[in-house]
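Residue-level structure breakdown
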Amino acid sequence: MTESLLEVRGLSKSFDGVPAVEDVSFDLQRAGTLGVVGESGSGKTTLARCILRAIDPDVGTVRFNSENGWTDLHDMKARDLVPLRREMQMIFQDPFSSLNPRMTVRQIIEEPLLVHGQRNRAKRLDEAIHMLELVQLERDSLTRYPHAFSGGQRQRIGIARALVLRPTFVVCDESVSALDVSVQAQIINLLEDLQKELGLTYLFVAHDLAVVRHICDRVLVMHHGRVVETGSVEDVFERPQQNYTKLLLSAIPSPDPDVPLRPLDRQALGL
Amino acid sequence: MSEAIALPAGAPAVQAADEQQLATITPRELTWRRFKRHRLALASGCFLGVLYLIAALCEFISPYKPETRNVAAINAPPMLVRFFDLDGRFHLRPFVYGYDMAVNPDTWMREYTVNPSKRYPLEFFAKGDPYHFWNLARGERHLFLAKGGYVHVFGTDQLGRDMFSRVFYGARISLSIGLVGLVMTFVLGIVLGGLAGYIGGWVDRAVQRLTAVLLSIPQLPLWMALTAALPPAWSPLRVYFGVTIILSLFGWTILARQVRGRFLALRVEEFVVAARLIGARKMRVILRHMLPNFLSHTITTATLAVPAMIIGETSLSFLGIGLRPPVVSWGVLLQQAQNYQVIVMTPWLMIPGLFVVLAVMAFNLFGDGLRDAADPYNTGGQG
Amino acid sequence: MTAPVLEIRDLAVEFKTDTGLTRALRNVNFDVPRGEVTAIVGESGSGKSVTANCIMRLIQPPGRITGGSIRFAPTASQAFDIAALEDKDERLLDLRGGHISMVFQEPMTALSPVHNIGGQVAEAILCHREVSKEQAWAEAAQMLAHVGIGDIERRMTMYPFEFSGGMRQRVVIAMALVCNPEVLICDEPTTALDVTIQAEILTLIRNLQDELKNSVIFITHDLGVVAQIADHVVVMYQGRVLEIGTVRQVLKQPVHPYTKGLLKAIPGVVDPGERLATIASVVGDADITTPFPLIKLSDGRQVSLPRGHVPAELKP
């Protein structure tokens, strides 16, 4: 069963006349994981934020298959977006700046429920405890402040906050980039488990190609705000068609010392 | 070095008991912990607490009313509170020696000599000048008085008024008169700076232009003009109060800029974006997510603005365009110490100046300590 | 085989924190072989950067070197212990930027925003050698060409903000190399860079090392980078050294359970769809927190394990 959850057509956004995202179109299948890769300045984060309307796109359409049928996100008023926020959430990059240092873990996880009108204290608490179990944190974390946690633990709190409203669509914006290798593995496993358990659809923005290859089933390669190549992970990684994709792939250092790094030459590829 | 302190990531949790405890304390407690280590700031805080307490209770603490004259002791030097008399005997009850006054036939100056036969023991909670405590209750008890004579711990001025009493009555005015204006400055600064920072666009531009205009107006001439412009029937105290409030309409600019800057910085913090993405409305984002994160910073700025207010009062009154007698404030008291003669002949008239210096220094040290402690990104353990 | 350029013995560093003393380094022991690349690899909190800062004597309060020695043996002069130098010792000034220089993670902070590129590189030369300004400028140009910056004359009069991240890191490397240091310490020099730029910088550092034959200490958390740049690897964890060996020994046949876990946790090692191994799952019940002394195995590597846990074929 392949049903679309998100349709993006001709999306563009520029800042002070400098284009960040130009004419991006793609479909996202329900319960799938689409990777968006590219180097810094490729526009991948801007794209993710335009889709969630953290910033407003200039032109283009973003259609989202919500509980109440297809909805156009791109021209919706901020006020009307609020109920839709339940269904789409974001997990951030920096586990240190993404949590409010002045709120306890309980307040952080309950905040989305409060905003969406859950007035029952006991139900909120139940839900928060349930989320903590889901992201494998101790129950006594509730009364603590973010400063008491390590990077990986903080990222789990961020995941709990994103999932507490039971969204169907989650944007992971470089969500594992700032973590140590061992913690990164734990969080990637957690994200995969949660996807199976809750039927989540991920848009996974990352610059680390190895991570994308591991977690995604489709991938979108961006360069200078445009999509240069798109396809299944296997196709793109094994049989890249575009020079830019080839360049990116050739630059990944292999952890095997017998596979030497032979990056392609940018100029020779005409990039 | 930050990496050395960070919790071992993904490692088996070997946490010290102390760390466990640190985990659940609130940012406020964390701030207090860090502040406590700042010894000088802590001491300054205590000093200010005592000073404000004395100012609040000045009717009771002062042995005399500020306008009470002691004609027997004009321009008398400070008296020493003693436990041992001149023969070396110890007395449980502290006492002072009275003065003998003689006019020097050459200089026509009053000269005071200690007279050991005039021994005035101090009496605590004694009845003395009646007063209205904060205009609320009548009282006549004073912390201490000299039985059968007089006590002037800081000496007296040229009218024979007790400097000790006047310094503390002055403290009440000097430490408080600017506070209302200060609060107004802060409210204006936070509201206007916050609006400029959060809404941006034309609101931001308007506030920025207004700031630029207001910053270019020189304060002293403005002050002088306002003092002259307010109704002449007003008492000097009321005029001064009025001026501080009018000035607060001009004084918010620097704070507004700071708040705007912090707002702009906070607006792009991921946790603020996260709050917007869960669907929180604008006001909730501002009040619940952004405000607590710069309130401590703002309070600190306020603490550092108080000494400026004290100096402002003192220097304006000293120049004669602030408060005027009969109001008693530190600046007014220092008017008496404007000439060279005073410094040589009656140096104790400069004691109010000492208090200004101490209070201002204490506020600055206190504010510095507060600022260091309240920085939420200096959590001494992470990042 | 020549003597190592640096011998670090029982190095210990403590930091005073809110909660008391944190032991950032505990009995760190390893050698830096002359003329080769030694990678120090570890996660945050492993003490890899602290070690580098010790070698440069950049540890500042609340941190303190509490024990051990760092024996530095320059080719041309007498060997001495860096850890024992007084803060005012002239050899210390000579050391920093002269004998040993450092490249940091964030090239923007290593460069002054208000001076042009040429001036900054020339200044680095003037600091340590008595040459004329013109000569320093000429040498700076030479050095910048060496690190792969084209259009030198124009670029030298430009300012750091006009350069891309990769170009800035090249400039920083040029500055680090102008005095031909015996040891070059690179502290995560490619972490802030894009993968294509990282590949260029790694290639550059490798080529320069082949040519100049200086000793390089390369600090990173990325095992892919280690595999591509290093001859020797030092694995650190919680302020201790767990395993030392050649790059092939450590990355292809790791002995220590933590090293094994680190390697298995990289995405790309297992097939997509499979669960990633976490360090905890690989380490299992093995004790990686007790500081066992390093033992030398039959193939020359050193590992911090109890004797009973050493694989039979590698028993010393």
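Residues numbered from 1 in each chain as written. Chains lettered and ligands numbered in written order. Predicted model: local features only at pLDDT ≥ 70, side-chain atom pairs only at ≥ 80, totals over all residues. Heavy atoms only, no water.

**A closer look at helix 9 (residues 219-229) of chain B**
Residues and elements named next belong to chain B. Restricting attention to buried positions, one finds in helix 9 the residues Leu222, Trp223, Leu226 and Thr227. Along the axis of helix 9, the buried positions cluster into a sector of 135°, meaning they face one direction only. Across from the buried face of helix 9, at angles greater than 90 degrees, the exposed residues are Ala228 and Ala229. Elements in contact with the buried residues of helix 9: helix 10 (236-251) and helix 13 (282-319). (Buried < 20%, exposed > 50% of the residue type's maximum accessible area, 1.4 Å probe, protein only. Helix = DSSP H or I, 4+ residues; strand = E, 2+ residues; numbered from the N terminus. Arc of directions from axis to C-beta. Contact = heavy atoms within 4.5 Å.)

**Thoughts on the sheet that holds strand 3 (residues 110-133) of chain B**
Residues and elements named next belong to chain B. The strand order 1-2-3-4 describes an open sheet built from four strands, whose pairing is antiparallel. Strands with a single pairing partner mark the edges of an open sheet, and in this sheet they are strand 1 (82-84) and strand 4 (137-146). Strand-to-strand twist of the sheet, defined as the mean angle between neighbouring strand axes without regard to direction, takes the value 50°. Bridge count for strand 1 against strand 2 (residues 90-103) is two bridges, and the pairing is antiparallel. Of the residues in strand 2, the one forming a bridge with Phe84 is Phe90. (Pairing = 2+ DSSP bridges. Axes fitted to C-alpha atoms, helices over the stretch in contact; angles between N-to-C directions.)

**A word on the side chain of A:Ser175**
Residue and element names in this part refer to chain A. Following the sequence through the fold, Ser175 ends up in the loop between strand 7 (169-173) and helix 6 (181-198). By relative accessible area, which is 1% here, Ser175 ends up buried. Only 2.9 Å separates the side chain of Ser175 from the backbone oxygen of Ile91, close enough to count as a polar contact. In this structure, Ser175 is in contact with Ile91, Phe92, Gln93 and Gln155, ignoring residues within four places of it in sequence. (Polar contact = N/O pair within 3.5 Å; in protein donor to acceptor, adjacent residues only side chain to side chain.)

**Some words on the interface of chain B and chain A**
Taken residue by residue, the interface counts 34 residues in chain B and 39 residues in chain A. Across the chain B to chain A interface the summed buried area is about 3,200 Å²; carbon plus sulfur atoms make up 56%. Applying the counting rule to chain B against chain A returns three salt bridges. Across the pair B:Arg288 and A:Glu111 runs a salt bridge, and its minimum N-O distance is 2.7 Å. Where chain B packs against chain A, one counts 10 residue pairs in polar contact (both at pLDDT 80 or more). Elements that contribute at least two residues to the side of chain B that touches chain A include exactly helix 2 (17-24), helix 3 (27-37), helix 12 (270-277) and helix 13 of chain B. (Buried area = accessible area lost by both parts, 1.4 Å probe. Salt bridge = Lys/Arg side-chain N within 4 Å of Asp/Glu carboxyl O.)

**Thoughts on the nonpolar core**
Ranked by size, the top nonpolar core spans 123 residues in total, and within it A:Ile159, A:Leu191, A:Phe204, C:Leu144, C:Ile173 and C:Phe218 carry the most contacts. Excluding anything up to four places from it in sequence, A:Phe204 contacts A:Thr33, A:Leu34, A:Gly35, A:Val36, A:Cys172, A:Val176, A:Leu191, A:Val211, A:Val212, A:Ile215 and A:Cys216. By size, the runner-up hydrophobic cluster in this structure holds 64 residues, among which are B:Ile61, B:Ile74, B:Phe154 and B:Leu175. (Core = buried A, V, L, I, M, F, W, Y, C linked by side-chain atoms within 4.5 Å.)

**Some points on unusual backbone geometry**
Here B:Pro325 and B:Pro326 are connected by a cis peptide whose omega angle stands at 10°. Following C:Pro61, the chain continues into C:Pro62 via a peptide bond in cis, with omega recorded as 10°. Structurally, the position occupied by C:Pro62 is in the loop between helix 1 (48-55) and strand 4 (63-72). Despite not being glycine, B:Asn75 has its phi angle at roughly 55°, a positive value. As for its position among the elements, B:Asn75 is in the loop between helix 5 (58-61) and strand 1.

**Here's the deal with the pattern of salt bridges**
Residue and element names in this part refer to chain A. Tallying each qualifying case throughout the model produces 45 salt bridges over all chains. In this structure, Lys44 and Glu174 form a salt bridge, with 3.7 Å as the shortest nitrogen-oxygen distance. Of this pair, Lys44 sits in helix 1 (residues 44-51) while Glu174 sits in the loop between strand 7 and helix 6, and the two are 130 residues apart along the sequence. A residue is classified by how much of its surface remains accessible, and Lys44, at 6% relative accessible area, is buried.

**A few points about the domain arrangement of chain C**
All names here are of chain C. Taken as a whole, chain C is organised into domain 1 (6-99 + 181-314) and domain 2 (107-180). Taken over C-alpha atoms, the centre of domain 1 sits 29 Å from the centre of domain 2. Contact with domain 1, which involves 19 residues of that partner, is made by 12 residues of domain 2. For the pair domain 1 and domain 2, the two sides together bury roughly 1,300 Å², of which 68% comes from carbon and sulfur. Of all residues in domain 1, Pro181, Leu204 and Leu208 bury the most surface against domain 2, accounting for 35% of the area lost on that side. Our count for the domain 1 to domain 2 interface comes out at four residue pairs in polar contact (both at pLDDT 80 or more). Listed by contribution, the elements that provide at least two residues to the side of domain 1 that touches domain 2 are helix 2 (90-95) and helix 8 (195-212). (Domains from an automatic or database assignment.)

**Comments concerning the packing of aromatic side chains**
Each aromatic ring pair is described using two quantities: the centre-to-centre distance and the angle formed by the ring planes. Scanning all chains against the criterion turns up 19 aromatic pairs over all chains. Summarising the aromatic geometry, the rings of B:Tyr52 and B:Phe363 are spaced 6.3 Å apart at their centres and angled 90° between planes, so their arrangement reads as edge-to-face. With B:Tyr52 in helix 4 (residues 39-56) and B:Phe363 in helix 16 (residues 351-374), the pair connects residues that are 311 residues apart, well separated along the chain. The class of B:Phe363 is buried, set by a relative accessible area of 7%. Between the aromatic rings of C:Tyr237 and C:Tyr258, the centroid separation amounts to 4.4 Å while the plane-to-plane angle is 40°, which identifies the pairing as tilted. Pair noted here: C:Tyr237 is in strand 9 (residues 232-237) and C:Tyr258 is in helix 11 (residues 257-264), with a separation of 21 residues, a long-range link. The pair C:Tyr237 / C:Tyr258 is uniform in exposure class, with both members buried. Taken together through their ring pairs, the aromatic side chains of B:Phe144, B:Phe154, B:Phe164, B:Phe168, B:Trp330 and B:Phe355 make up a single cluster. When the ring centre of B:Phe95 is taken as origin, the NZ or CZ atom of B:Arg119, which lies over that ring, is 4.6 Å away. (Phe/Tyr/Trp six-rings, centres within 6.5 Å; stacked < 30°, edge-to-face > 60°. Lys NZ or Arg CZ within 6 Å of the ring centre and 35° of its normal.)

**Topic: helix 11 (residues 253-267) of chain B**
Its 15 residues give helix 11 of chain B an end-to-end C-alpha distance of 21 Å, which sits within 8% of 21 Å, the value for a rise of 1.5 Å per residue. The inward-facing, buried residues of helix 11 of chain B abut helix 7 (179-199), helix 8 (201-215), helix 10, helix 12 and helix 13 of chain B. (Expected span 1.5 Å × (residues − 1).)

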